[in-house]
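# Secondary and tertiary structure notes
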Amino acid sequence: MLSEYAGRGYGSEATRLLLQFAFQELQAHKVIGMCNSQNVRSAALMQHVGMTREAVFQEELWWNNQWTDQYFYSILDREFKPV
């Protein structure tokens, strides 16, 4: 996302709409998301929309010339609150 649009709720809105589509239209039971552990904003976004961190995969991702942990988040259909 372009920096001038960051912090305005667009990421949360888009993520909620994608979750709504996955659960209502695709009949998904569970949706997962992953992010680099150093990407604090992505981790916060997933938690903000109701996802739960399920795992930390240590040194999973080669990023910026170093091994970096990867966070795994998920949300079940029964946990999702539609927009």
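In the block above lies the structure referred to throughout.
Only a predicted model underlies this, so the values are computations on that prediction, with no experimental measurement involved.

Next up on the list: the sheet that holds strand 3 (residues 66-76). One open sheet accounts for three strands, arranged 1-3-2; its pairing is antiparallel. Lying at the two open borders of the sheet, with one neighbouring strand each, are strand 1 (30-36) and strand 2 (52-63). Direction aside, the axes of adjacent strands within the sheet are offset by 25° on average. Examined bridge by bridge, strand 2 and strand 3 share eight bridges and lie antiparallel to one another. By the bridge assignment, tryptophan 62 is partnered in strand 3 with tryptophan 67. Packed on one face of the sheet, helix 1 (residues 10-25) meets strand 1 and strand 3 and runs near 150° to strand 1. Helix-sheet contacts for helix 2 (residues 40-48) involve strand 1, strand 2 and strand 3, and the interaxial angle to strand 1 is about 160°.

The subject of this paragraph is the nonpolar core. Ranked by size, the top nonpolar core spans 14 residues in total, and within it Leu19, Phe23, Val31, Cys35, Met51, Tyr73 and Ile75 carry the most contacts. Within the residue set of this core, elements represented by two or more residues are helix 1, strand 1, helix 2 and strand 3. Excluding anything up to four places from it in sequence, valine 31 contacts Leu19, Ala22, Phe23, Met51, Tyr73, Ser74 and Ile75.

Structurally, glutamine 70 can be placed in strand 3. Look at glutamine 70 and you get buried, because its relative accessible area is 12%. For glutamine 70, the residues in contact, after removing those within four places along its chain, are Met34, Cys35, Asn36, Ser37, Ala55, Val56, Phe57, Glu60 and Leu61.

You will see that glutamine 27, though not glycine, has its phi angle at about 60°, which is positive. For glutamine 27, the location among the structural elements is in the loop between helix 1 and strand 1. We classify glutamine 27 as exposed; its relative accessible area is 61%. Phi angles above zero are rare outside glycine, and asparagine 65 is one such case at about 60°. Along the chain, asparagine 65 falls in the loop between strand 2 and strand 3.

Rules behind the numbers
Residues numbered from 1 in each chain as written. Predicted model: local features only at pLDDT ≥ 70, side-chain atom pairs only at ≥ 80, totals over all residues. Heavy atoms only, no water. Pairing = 2+ DSSP bridges. Helix = DSSP H or I, 4+ residues; strand = E, 2+ residues; numbered from the N terminus. Axes fitted to C-alpha atoms, helices over the stretch in contact; angles between N-to-C directions. Contact = heavy atoms within 4.5 Å. Core = buried A, V, L, I, M, F, W, Y, C linked by side-chain atoms within 4.5 Å. Buried < 20%, exposed > 50% of the residue type's maximum accessible area, 1.4 Å probe, protein only.

Don't take any of this as a statement about function, it's just geometry.
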